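Secondary and tertiary structure notes
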Amino acid sequence: MDDSGTLWTAIGSIGTALALIGVVWQAMLTRQALEVSRLTAIDAIRTRLDSEAPKVTLRLETPVWPPLAWTPMGMPVAPWPNGQEWSFPRDRDHHRIVFQQVLELKNLSDQRVQVRCVGDLVVADDDRRPRAAGVIVLEPGENSEKVYLQRDFTIGELAENCTAEQAGHELPHRVSGTVTVEDDRDNGNTDRWDLLLTGCPVHSDPERDGVWRVAPHHLTEGSGLRTLQYELVPARQRTHWLSRAQNRKLPEPGQP
């Protein structure tokens, strides 16, 4: 093949390669445009669902301090007295402390909502005995009755919390619950709050072996409430539904 033939062959190959690059580039642009359109549509759906979501607020009161003493008669009402002490092993498993936070729910929307409480969430019955909070229906503008995030532990279990904290480990004994709020639409929202209350309300006496006491007031850190881990306004997690019946959720930002 003469030089002119070789030249035209080379030019043809380059042209083919450029055409292929053009096709690939156009496909990439098309995919990017489709992805932008998809994300724009998802954002529009999320904005609409947020605007239509029930306006329910959840807030927890500060935990009771001094810590409450468990009673078989019903909901605890009396704290352990200041200076209360327990001797191990005698008192390790025979006395109990109640962790308690009061939960307040408000339905600020103009629609009825269903609140589902699971875990260590209770209400007081007519005899002041705790029962599972279960499902609560809130009418528009209605506040819930008092719901308690509540559980009791032996002094020995709380001593284990103290030991775990000193070792830098997760505290093994904790009060936890989950609150979910739903409207009644298939294409709607579910709001969820995860609640946690734990801590080390009893401390060992450094001068007397085997003696534990309610955490005393600290000169700079204040009351024994500092020994508890809790939140007053826990973070809300919202799920947007394309269809509850079909279990189809709207993708979160960043999800494919």
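The structure presented is a predicted model; accordingly, all values stated were derived computationally and were not measured.

Another point: the pattern of salt bridges. According to the stated counting rule, one finds 10 salt bridges in the structure shown. Among the ionic pairs, Arg208 bridges to Asp205, the shortest N-O distance being 2.8 Å. Asp205 gets classed as buried once you look at its relative accessible area, which sits at 11%. A single network of salt bridges, built from pairs that share partners, joins Glu85, Asp205 and Arg208.

Another aspect to go through is the packing of aromatic side chains. Scanning all chains against the criterion turns up three aromatic pairs. With 5.6 Å between their ring centres and 20° between their planes, Phe88 and Trp212 make a pair best called stacked. One end of the pair, Phe88, is in the loop between β3 (85-87) and β4 (96-107); the other, Trp212, is in strand β11 (residues 211-214), with 124 residues separating them in the sequence. Judged by its relative accessible area of 12%, Trp212 is buried.

With the rule as written, the count across this model stands at one cavity of 30 Å³ or more. Taken as a whole, the largest cavity spans an internal volume of roughly 60 Å³. Looking at the largest cavity, the residues that line it are Pro63, Val64, Trp65, Pro67, Leu68, Val98, Phe99, Gln100, Leu197, Pro201 and Leu228. When residues in the lining of the largest cavity are grouped by element, the largest group, three residues, is from β4. Classifying every residue of the lining of the largest cavity gives 10 nonpolar, one polar and no charged.

Right, let's talk about the environment of Thr180 for a bit. Mapping Thr180 onto the fold places it in strand β8 (residues 174-182). Every residue in contact with Thr180, bar those within four places of it in the chain, is listed here: Gln114, Val115, Arg116, Thr190, Asp191 and Arg192.

As a further point, take helix α2 (residues 155-166). For α2, built from 12 residues, the straight-helix expectation of 16 Å at 1.5 Å per residue is met to within 8% by its first-to-last C-alpha distance of 17 Å. Contacts from the buried residues of α2 go to β3, β4, β7 (147-154), β9 (189-199), β10 (202-204) and β11.

Turning our eyes to something else, we now look at the nonpolar core. Most often, soluble globular proteins keep nonpolar side chains buried together rather than apart. Grouped together as the largest cluster of nonpolar side chains are 40 residues, with contacts concentrated most on Val115, Leu121, Val179 and Leu195. Dropping the residues within four chain positions of it, Val115 is found in contact with Leu105, Gly134, Val135, Ile136, Leu138, Val179, Thr180 and Val181.

What follows is about the confidence of the model for the protein chain. Per-residue pLDDT for the protein chain has a mean of 82; in total, 78% of the residues score no lower than 70. Per-residue pLDDT, averaged within each element of the protein chain, yields its smallest value for helix α1 (residues 3-52) (56) and its largest for strand β12 (residues 228-229) (96).

Here Asp120 shows up in strand β5 (residues 113-124). The exposure class assigned to Asp120 is buried, which follows from its relative accessible area of 18%. Excluding its chain neighbours within four sequence positions, the residues that come into contact with Asp120 are Tyr148, Leu149, Gln150, Arg151, Arg174, Val175, Ser176 and Gly177.

Our focus in this paragraph is the sheet that holds β11. Across the sheet, which stays open at both edges, the three strands sit in the order β3-β11-β10 with antiparallel pairing between neighbours. Looking at strand neighbours, the two that pair on one side only are β3 and β10, the edges of this open sheet. In this sheet, adjacent strand axes meet at a mean angle of 30° when their direction is disregarded. The pairing of β3 with β11 spans three bridges and is classified as antiparallel. Looking across to β11, one finds that Glu85 is bridged to Arg213.

Rules used throughout
- Residues numbered from 1 in each chain as written.
- Predicted model: local features only at pLDDT ≥ 70, side-chain atom pairs only at ≥ 80, totals over all residues.
- Heavy atoms only, no water.
- Salt bridge = Lys/Arg side-chain N within 4 Å of Asp/Glu carboxyl O.
- Buried < 20%, exposed > 50% of the residue type's maximum accessible area, 1.4 Å probe, protein only.
- Phe/Tyr/Trp six-rings, centres within 6.5 Å; stacked < 30°, edge-to-face > 60°.
- Helix = DSSP H or I, 4+ residues; strand = E, 2+ residues; numbered from the N terminus.
- 1 Å grid on protein atoms, 1.4 Å probe; cavity = no way out; pocket = protein on both sides within 12 Å on 5 of 7 lines; lining within 4 Å.
- Points joined across faces, edges and corners; volume = space filled by probe spheres on them.
- Nonpolar A, V, L, I, M, F, W, Y, C, P; charged D, E, K, R; others polar.
- Contact = heavy atoms within 4.5 Å.
- Expected span 1.5 Å × (residues − 1).
- Core = buried A, V, L, I, M, F, W, Y, C linked by side-chain atoms within 4.5 Å.
- pLDDT = per-residue confidence, 0-100.
- Pairing = 2+ DSSP bridges.
- Axes fitted to C-alpha atoms, helices over the stretch in contact; angles between N-to-C directions.

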